[in-house]
Amino acid sequence: ILHQIAEFISGHFVEALKKSNKASLLEILYFKRIPDSGLDQFYDDVVSLLKDRKFIYDSVSKRFYSRAEVMVAVGFDRQLFPQGEFAGKRLVFIESEELRDWLINEIKVPYLTYEFIGGHIEEECLKQRKKKNIGFFQVLYNYASNHDQLNLHGKRILLTEHFGLVNNDVDVFYGGTRTP
């Protein structure tokens, strides 16, 4: 019977909540495992049934996403990615630490880490360069200077005068001449 309850929660219940309680859907679905309760299989069933469902609401795009389509981010990442997307994933900004931890640890939604940003930032820089979005680069440089944990060494993220991208190992001269 617990499996049937899990099917109801992840199916009809989620669909009904998506129509009436979009913004609080995660808070309603959130659960904390109770050790030695005999409910481990029930918890596992709920998680398993939710994994492919679009139940994570993003208030910016006003759409629901599945766990494979999103990454959990925190508020300070919003300044770097105000459009709410990075590396092909929708960034969902979850302010509640409890909900954020539940999505990451229980539902297995990936978390936007400094390592992930560092590993994918060159692709984003190429996209922003094509758009000639100089503002993105200024925000990136400010973000990097405020977040020492973000390692961008060797990454081609420095925008040149003619919209080239170079890494920090290249000498760039503006308005002067180079002498040997």
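Scroll up to find the structure this text is about.
Residues numbered from 1 in each chain as written. Predicted model: local features only at pLDDT ≥ 70, side-chain atom pairs only at ≥ 80, totals over all residues. Heavy atoms only, no water.

**Re the packing of helix α1 (residues 2–20) against helix α3 (residues 40–50)**
Right, on to step 1. Where α1 meets α3, the axes come as close as 9 Å, and the angle between the chain directions of the two elements is 35°. Between α1 and α3 the crossing geometry is right-handed. Contact with α1, carried on its side by L2, H3, I5, A6, E7, I9, S10 and V14, involves F42, D45, V46, L49 and L50 of α3 and no other residues of that element.
Right, on to step 2. Here the contact of α1 with α3 is composed, by residue class, of 9 nonpolar, 2 polar and 2 charged. (Axes fitted to C-alpha atoms, helices over the stretch in contact; angles between N-to-C directions. Helix = DSSP H or I, 4+ residues; strand = E, 2+ residues; numbered from the N terminus. Left-handed = near helix turned anticlockwise from the far one by under 90°. Contact = heavy atoms within 4.5 Å. Nonpolar A, V, L, I, M, F, W, Y, C, P; charged D, E, K, R; others polar.)

**So, helix α5 (residues 114–130)**
Right, on to step 1. For α5, with 17 residues, the first-to-last C-alpha span of 24 Å sits near the 24 Å given by 1.5 Å per residue.
Right, on to step 2. Maximum bend of α5: about 50°, positioned at H120.
Right, on to step 3. Where α5 is concerned, the buried positions are Y114, I117, G118, I121, E124, C125 and Q128.
Right, on to step 4. Those residues of α5 that are buried are in contact with β4 (85–86), α6 (134–146) and β7 (165–166).
Right, on to step 5. Once α5 ends, the next one or two residues include K132, with phi positive near 55°. (Expected span 1.5 Å × (residues − 1). Bend = angle between axes of the 7 residues up to and from the residue. Buried < 20%, exposed > 50% of the residue type's maximum accessible area, 1.4 Å probe, protein only.)

**Section: a nonpolar patch on the surface**
Right, on to step 1. A cluster of nonpolar side chains, namely I1, L2 and I5, defines an oily patch on the protein surface of about 300 Å² accessible area.
Right, on to step 2. Summarising the element assignment, I1 is placed in the segment before α1. (Patch = residues over 30% accessible without salt bridge, like charges linked within 9 Å, V, L, I, M, F, W, Y side chains within 5 Å. Areas by Shrake-Rupley, 256 points an atom, 1.4 Å probe, with all protein chains shown as cover. Salt bridge = Lys/Arg side-chain N within 4 Å of Asp/Glu carboxyl O.)

**Points about the environment of A144**
Right, on to step 1. Structurally, the position occupied by A144 is in helix α6.
Right, on to step 2. Residue class for A144 comes out partly exposed when judged on its relative accessible area of 22%.
Right, on to step 3. Among residues more than four places away in sequence, those in contact with A144 are L150 and L152.

**Remarks on the packing of aromatic side chains**
Right, on to step 1. Enumeration over the complete set of coordinates arrives at 10 aromatic pairs.
Right, on to step 2. Ring centres 5.4 Å apart and planes at 80° place the aromatic pair F136 and F137 in the edge-to-face group.
Right, on to step 3. Since its relative accessible area comes to 5%, F136 is described here as buried.
Right, on to step 4. Among the aromatic side chains, those forming a connected cluster through ring pairs are Y30, F31, F42, Y43 and W102.
Right, on to step 5. Positioned over the ring face of F93 is R78, at 4.2 Å from the centre of the ring.
Right, on to step 6. Over the face of the ring belonging to F163 we find K132, whose NZ or CZ atom lies 5.1 Å from the ring centre. (Phe/Tyr/Trp six-rings, centres within 6.5 Å; stacked < 30°, edge-to-face > 60°. Lys NZ or Arg CZ within 6 Å of the ring centre and 35° of its normal.)

**Remarks on the layout of surface pockets**
Right, on to step 1. If you add up the space inside the largest pocket, you get close to 280 Å³.
Right, on to step 2. In terms of lining residues, the largest pocket is bounded by 16 residues, among which A23, Y57, S59, F93 and I94 are the most central.
Right, on to step 3. Looking at which element gives the most residues to the lining of the largest pocket, the answer is helix α2 (residues 25–29), with 3 residues.
Right, on to step 4. Of the residues belonging to the lining of the largest pocket, the class tally is 9 nonpolar, 2 polar and 5 charged. (1 Å grid on protein atoms, 1.4 Å probe; cavity = no way out; pocket = protein on both sides within 12 Å on 5 of 7 lines; lining within 4 Å. Points joined across faces, edges and corners; volume = space filled by probe spheres on them.)

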